[in-house]
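Observations on the model geometry
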Amino acid sequence: MTEAQPATSEKIDPARLKSIIVGSLGNLVEYYDFYVYAAFSLYFAPSFFPKSDETAQMLSSAGIFALGFFMRPIGGWLFGLIGDRYGRRRSLMLSVLMMCGGSLLIAATPTYAEIGVLAPAALMFARLIQGLSLGGEYGASATYVAEMGESSRRGFYSSFLYVTLIGGQLGALAVLLVLQNLLLTPEELRSFGWRIPFVIGAGLALFALWMRRDLEETPAFKSAKAQGAQEGAQGGLRALWRHKREAAIVVGLTMGGTLAFYLWTIYIQKFLKLTVGLSDKESTWVSAGALVFALCIQPLYGALSDRIGRRPVLLAFGVMGTLGTVPLLSTLQHAHGPWQAFFLVALGWIMTAPYTSINAVVKAELFPAALRATGVGLPYAVAVSFFGGTAEYVALWFKSQGVESGFFYYASAVICCSLLVYFFVPDTKKTSMLDREAMAELE
């Protein structure tokens, strides 16, 4: 495979940097809106799912499992198709607008006591919209940031996708803490206060939409469109099938990383409470502090990949995750107090951040411009649905069976599978389709 040689000395283009920041900030809003549902579910669940109604309970279960993560592959396909046919900018605009609509619907939906079973049905529909939106956002934003970033700093810029993703989770947690501790009583939160974060999310989505209105389209898409690339004209699954090896690579390199990510973001708070024995408040603050730490180290790994390559950084995650997950979680089980727990969770992030920081740019460097949004978004969404979205449920199942450590070995085994992929995949920094296309433009 011919190696592409990027420029070694490039100046930062302020207009390009602004576009990258705006594209990433929309990602923050999307993930805030999506995760605020989990943060406030304790307060609004009684309004939608009364125990006395079996139909409502069934709808609740279906909403939790299906309309969270399992709509994301459809979103990855739909918005990937839009991004490859009509432009990254249009896909980014539509995804954040859809997330706004989902949040507004949740905020405005009457309770079960007011409209009966239509209430949980409306909530399910809103989550369907949000799942589609989030599934499309990642592929569009990852493609946009990777295509807009200068070659020599592409890993650094792409790391901000997970900075903003984690920032969205922190934002949801921060709103919860403010409302819980400063503004509302528990009764007020259950009565009407749970609607406030969804209104905030809808407002933030409109702000992101306004910010994205003047986004410049990427040169890579403009070039592919001008050349009338056949894959761009067809788009979708047929074109992706011709790049099935690259799509399989995306699934393989994602499966271990996404499981680790959801372990240290979503499941860890329950683990700290149920297994370590921390209080609700201690678990929340340890989780929040660890997320801040994780946010700060993403650009460091991204910049490192620009210097030494993507493959060594991915291998570092694979090796540390495979060998370190079981002993780290086993030690965390017996942590003495919140400070020791925080230190151990931070170690988990040191192991995981090599993946989260650069996975977006690695995927973008695998595909040609005419297929990039679909190639990045759809296989990633499939892997997240099967391995990331199920992480919490698999962990709780093992715990319910009295073999909680089984999940530790399961996570380690999945990460090991990704490690095998990292061993056999060439370093995309050296074989980048993005650099090849840029060089072809100059010839």
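Topic: empty space enclosed by the protein
Per the stated rule, a full pass over the model turns up three cavities of 30 Å³ or more. What lines the largest cavity is simply Leu-253, Arg-310, Arg-311, Leu-314, Val-362, Tyr-422, Val-425, Pro-426, Asp-427 and Thr-428. Counting residues per element, the lining of the largest cavity draws most heavily on helix α16 (residues 310-332), at three residues. Among the residues making up the lining of the largest cavity, the classes are represented as six nonpolar, one polar and three charged.

Section: a nonpolar patch on the surface
The grouping of Phe-192, Ile-196, Ile-200 and Leu-204 at the surface amounts to a nonpolar patch, some 300 Å² of accessible area in total. Its location among the elements puts Ile-196 in helix α10 (residues 196-212).

Comments concerning the nonpolar core
One recurring pattern in soluble globular proteins: nonpolar side chains tend to sit buried together. Grouped together as the largest cluster of nonpolar side chains are 112 residues, with contacts concentrated most on Phe-40, Trp-264, Leu-272, Leu-332, Val-345 and Trp-349. In terms of residue count, the dominant contributor to this core is helix α14 (residues 244-276) (16 residues). The next biggest cluster of nonpolar side chains, apart from the first, holds eight residues, and it includes Val-96, Ala-202, Ala-205 and Ala-208.

Thoughts on the packing of aromatic side chains
Following the criterion strictly, the structure yields 16 aromatic pairs and no others. When the ring of Phe-261 is compared with that of Tyr-262, the centres are 5.0 Å apart and the planes differ by 85°; the resulting orientation is edge-to-face. Judged by relative accessible area, which is 2%, Phe-261 ranks as buried. A relative accessible area of 3% places Tyr-262 in the buried class. For the ring pair Phe-317 and Tyr-355, a centre distance of 5.6 Å and an interplane angle of 40° mean the geometry is tilted. Within this pair, whereas Phe-317 is found in helix α16, its partner Tyr-355 is found in helix α17 (residues 338-364), the two being separated by 38 residues in sequence.

Description of the confidence of the model for the protein
Looking at the protein as a whole, its pLDDT mean stands at 82, while 88% of the residues score no less than 70. When the elements of the protein are averaged for pLDDT, helix α12 (residues 230-234) gives the smallest value, 46, and α16 the largest, 95. Across residues 1-9 the pLDDT falls below 50, and counting only partners more than four positions away or on other chains, this stretch makes 16 contacts in the model.

Observations concerning helix α19 (residues 391-400)
Residue pairs three or four apart in sequence face the same way in an α-helix, which turns once every 3.6 residues. Along α19, the residues classified as buried are Ala-391, Glu-392, Ala-395 and Phe-398. Taken down its axis, α19 places every buried residue within 130° of arc, on the same side. The inward-facing, buried residues of α19 abut α14, α18 (372-388) and α20 (405-424). The positive-phi residue at the C-terminal boundary of α19 is Gly-402, with phi of around 80°.

What to know about the side chain of Ser-103
Take Ser-103: it is sitting in helix α4 (residues 88-108). Owing to a relative accessible area of 0%, Ser-103 belongs among the buried residues under this scheme. Within the structure, Ser-103 has its side chain in polar contact with the side chain of Gln-130 (distance 3.3 Å).

What about the packing of α14 against α17?
Direction vectors running N to C along α14 and α17 enclose 150°, while the axes themselves pass 10 Å from each other. On the basis of their axis angle, the class for α14 and α17 is roughly antiparallel. α14 and α17 meet at a crossing whose hand is left-handed. Between α14, through Val-250, Leu-253, Thr-254, Gly-257, Thr-258, Ala-260, Phe-261, Trp-264, Thr-265, Ile-268 and Leu-272, and α17, the contact on the second element is made entirely by Ala-341, Val-345, Gly-348, Trp-349, Thr-352, Tyr-355, Thr-356, Val-362 and Lys-363. Of the residues belonging to the contact of α14 with α17, the class tally is twelve nonpolar, seven polar and one charged.

Thresholds applied
Residues numbered from 1 in each chain as written. Predicted model: local features only at pLDDT ≥ 70, side-chain atom pairs only at ≥ 80, totals over all residues. Heavy atoms only, no water. 1 Å grid on protein atoms, 1.4 Å probe; cavity = no way out; pocket = protein on both sides within 12 Å on 5 of 7 lines; lining within 4 Å. Points joined across faces, edges and corners; volume = space filled by probe spheres on them. Helix = DSSP H or I, 4+ residues; strand = E, 2+ residues; numbered from the N terminus. Nonpolar A, V, L, I, M, F, W, Y, C, P; charged D, E, K, R; others polar. Patch = residues over 30% accessible without salt bridge, like charges linked within 9 Å, V, L, I, M, F, W, Y side chains within 5 Å. Areas by Shrake-Rupley, 256 points an atom, 1.4 Å probe, with all protein chains shown as cover. Salt bridge = Lys/Arg side-chain N within 4 Å of Asp/Glu carboxyl O. Core = buried A, V, L, I, M, F, W, Y, C linked by side-chain atoms within 4.5 Å. Buried < 20%, exposed > 50% of the residue type's maximum accessible area, 1.4 Å probe, protein only. Phe/Tyr/Trp six-rings, centres within 6.5 Å; stacked < 30°, edge-to-face > 60°. pLDDT = per-residue confidence, 0-100. Contact = heavy atoms within 4.5 Å. Arc of directions from axis to C-beta. Polar contact = N/O pair within 3.5 Å; in protein donor to acceptor, adjacent residues only side chain to side chain. Axes fitted to C-alpha atoms, helices over the stretch in contact; angles between N-to-C directions. Parallel < 35°, antiparallel > 145°, perpendicular 65-115°, else oblique. Left-handed = near helix turned anticlockwise from the far one by under 90°.

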